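Examination of the molecular architecture
Given next are the chains, with one letter for each unit.
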Amino acid sequence: MSRLHLPSHLLRHPRWWALGYLGLCLGHALSVLLPIPWLSALPIAGLWLGLAAWLGWGAPRHARYRRVWPWSLLPLALWWLYVYLSDGFGSVDLGALFFHLQAGITDHGGAGRITAAFLYTLAAALSLVAFTWLIRTDKRWRLLEKVLMLALVAGNPLLFGLGQRGAAIVVEEDGAWLDRRYQAPQIEARPASPPNLLLIYLESIERTYADRERFGDAYADLDHLGEQGSVFEGVRQIDNTGWTMAGMIASQCGVPLMPAGLLHDRQFEPLEAVVPGIDCLGDLLGEEGYRLSYLGGASKTFAGKGLFYHGHGFERVLGREELVPRMADPDYLNDWGLYDDTLFDVAVEEILALNAEPGPWGLVMLTLGGHAPHGHPARRCLERQGEFDGVDILYSVECTAWLTRDLLERLEAQGLLDNTLVMLASDHLTMRVSAWDQLNLSDRDNTFMLLGPGIDEARVVREASMLDLYPTLLEAMGFELAQHRAGLGVSLLTPTLNLVERHGVEEINRRLTQERALQQRLWEGLAPQPETEPTAPQEQITEVPQDKPAGEMPPL
């Protein structure tokens, strides 16, 4: 019987094993970082091996073995970290990383990401072993390796982002550019009959999904709801608003979530409060007599959600820990917590209880169905949409969109939306999902729509950001704000130009890297305050003369 034999030199010499593995690692990294299919890793590895054979990398005739440690090991490890974060989240947000480390990452639902982290760590360790062998074996690589190390350091976006932030602080052009534009919310007039508020954050379900040519009917039920109210197109994502807590704070406080960083007194302990230095939606509505509740399917301890809502006027803050005991089937959970159908059933009960008592109420909810990378479609959708393949995010988007429409129709039928303003919004743009390449074929924007009594059926198309949702929501409820502003946001119900219209997303992001004063404002109370002599209060301004367009006076 014939037997299959591998060439004996392949087993005796590690050259092709090491070079082949390095080629696969390079191919995988490029397939993650570039808009190319993941199967491209194989031809890229083949090209790498062809180049290695042509140049004789690691071949005995070039071998001058020296027991040295490569300079590039740490830079290569940091590149692995960047590829892992890009593979899992699409775009790497240093602000999100720093905030979650301080606010808390326990009780998260990313079990799949833990497995991926383990596999990435193993793959990285093997690549470092293979690279060390190559450096020790081939003197030409030893000569080039220091140049390679510098290129790896200079080209890593993680290190570039940290360096850019550090350089902006050292060479500070204007560390208070955003803070000067911050307007503490001031209510100048109130509605005679304050409406109730139902605010539903649709996890990662951005308005980009509304394009039926690319995404079919995934967003159709939300489109149907939008026909009954005002839909806002062009709500962009600026830096420090691109994860759940950042999106909620941007839309309820009018500020980007700049992490506490070194402003936190006790660096190795969890935060005790989240943005305690500013007034947010809950603070204002609480002062107006609203009874406020928060419902979320995930744990309220993750990323400081409970701290934020408890610290900003909410009386009831219910997450997975509080809601699971109320479930008929406590095992019906996903990695993060409650499925959206269960959460919406709880919401009906909560609204019934709120509606039974006198006075206006507000309920804020956060779904889980659209969470990257694949979503968590509820059991009810299996009966309607068929089996879920475990990968297709459009299935999950369609599921949550339908459940949301069904919830509002149920509430309407029971008369629970009388004198109630409904706000539907994505918390942020989605991270890497199965439709990632299609999503990035155009400019992306967040979902934002308002429904209810007094809301015109309209489609508002203008450049904006999540910061503008805060004053827009308050004015849609009938509260008149000074200059139609709250935080850094401007009401989209008025013609007043907002930050994005005036300066553009790129300029705002650039200013964020330099900003220190706004960061200190957000975390006032957690930060050690420098002793300074009292000064006369300065007038709050929106623009300084050097910022204004030529021939135009600064706005109020």
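Residues numbered from 1 in each chain as written. Predicted model: local features only at pLDDT ≥ 70, side-chain atom pairs only at ≥ 80, totals over all residues. Heavy atoms only, no water.

Take the overall build of the chain next. Looking only at helices and strands, the chain features 23 helices and twelve strands. Contacts in the chain between residues far apart in sequence, at least 24 positions, make up 77% of those at least 6 positions apart. Surface accessibility of the chain: about 25,800 Å² in total, with carbon and sulfur atoms responsible for 59%. (Helix = DSSP H or I, 4+ residues; strand = E, 2+ residues; numbered from the N terminus. Contact = heavy atoms within 4.5 Å. Areas by Shrake-Rupley, 256 points an atom, 1.4 Å probe, with all protein chains shown as cover.)

Bringing unusual backbone geometry into the picture now. Going from Ala 372 to Pro 373, the amide bond is cis rather than trans, its omega being 5°. Within the secondary structure, Pro 373 sits in the loop between strand S6 (361-366) and helix H17 (379-385). Its identity is not glycine, yet Asn 419 carries a phi of approximately 50°, on the positive side. Relative to the helices and strands, Asn 419 resides in the loop between helix H18 (393-413) and strand S7 (420-426).

Angle between the axes and distance between the axes: these two values describe a pair of packed helices. The interhelical angle for the contact between helix H2 (residues 15-33) and helix H3 (residues 41-55), taken along N-to-C directions, is 140°, at an axis separation of 8 Å. In terms of orientation, H2 and H3 fall into the oblique class. Considering how the two elements wind past one another, H2 and H3 form a crossing that is right-handed. Across from Arg 15, Trp 16, Leu 19, Gly 20, Leu 22, Gly 23, Leu 24, Leu 26, Gly 27, His 28 and Leu 30 in H2, the residues of H3 making contact are Ala 41, Leu 42, Ile 44, Ala 45, Trp 48, Leu 49, Ala 52 and Ala 53. Partitioning the contact of H2 with H3 into residue classes produces 14 nonpolar, four polar and one charged. (Axes fitted to C-alpha atoms, helices over the stretch in contact; angles between N-to-C directions. Parallel < 35°, antiparallel > 145°, perpendicular 65-115°, else oblique. Left-handed = near helix turned anticlockwise from the far one by under 90°. Nonpolar A, V, L, I, M, F, W, Y, C, P; charged D, E, K, R; others polar.)

The full count for this structure, using the stated rule, is 14 aromatic pairs. Their ring planes at 90° and their centres at 5.8 Å tell us that Trp 79 and Tyr 82 sit as a pair that is edge-to-face. Taken together, the residues Trp 79 and Tyr 82, both in helix H4 (residues 73-89) and three residues apart, mark about one turn of the helix. Of the residues examined, Tyr 82 reaches a relative accessible area of 15% and is grouped as buried. Relative to Trp 336, the ring of Phe 302 has its centre 5.2 Å away and its plane inclined at 70°; by these criteria the two rings are edge-to-face. Taken together, the residues Phe 302 in the loop between strand S4 (291-296) and helix H14 (305-311) and Trp 336 in the loop between helix H15 (320-323) and helix H16 (340-355) connect sequence positions 34 residues apart. Following the ring pairs from residue to residue traces out a cluster consisting of Trp 48, Trp 57, Phe 131 and Trp 141. A cation sits over an aromatic face here: Arg 379 above Tyr 332, 3.7 Å from the ring centre. (Phe/Tyr/Trp six-rings, centres within 6.5 Å; stacked < 30°, edge-to-face > 60°. Buried < 20%, exposed > 50% of the residue type's maximum accessible area, 1.4 Å probe, protein only. Lys NZ or Arg CZ within 6 Å of the ring centre and 35° of its normal.)

All right, on to the state of the cysteines then. One pass over the full model with this rule turns up two disulfides. Through a disulfide, Cys 253 is tied to Cys 280; the S-S separation comes to 2.0 Å. Residues Cys 253 and Cys 280 share a disulfide whose torsion about the S-S bond is about 105°; that sign makes it right-handed. Of this pair, Cys 253 sits in helix H12 (residues 244-253) while Cys 280 sits in the loop between H12 and helix H13 (281-287), and the two are 27 residues apart along the sequence. Per residue, the accessibility class of Cys 253 equals that of Cys 280, and both read buried. In this model, Cys 381 is linked to Cys 399 through a disulfide, with the two sulfur atoms separated by 2.0 Å. (Disulfide = S-S within 2.5 Å.)

A word on the pairing of S7. With respect to burial, S7 is a largely interior element, seven of its seven residues being buried. Neither face of S7 is left uncovered, since the one carrying Thr 420, Val 422, Leu 424 and Ser 426 and the one carrying Leu 421, Met 423 and Ala 425 both have all their residues buried. In the sheet, strand S2 (residues 196-202) pairs with S7 via seven bridges, with the strands oriented parallel. Each residue of the ladder has a partner; that of Ile 200, found in S7, is Leu 424. Bridge count for S7 against strand S8 (residues 448-451) is four bridges, and the pairing is antiparallel. (Pairing = 2+ DSSP bridges.)

Remember, this is a structural readout, not a statement about activity or role.
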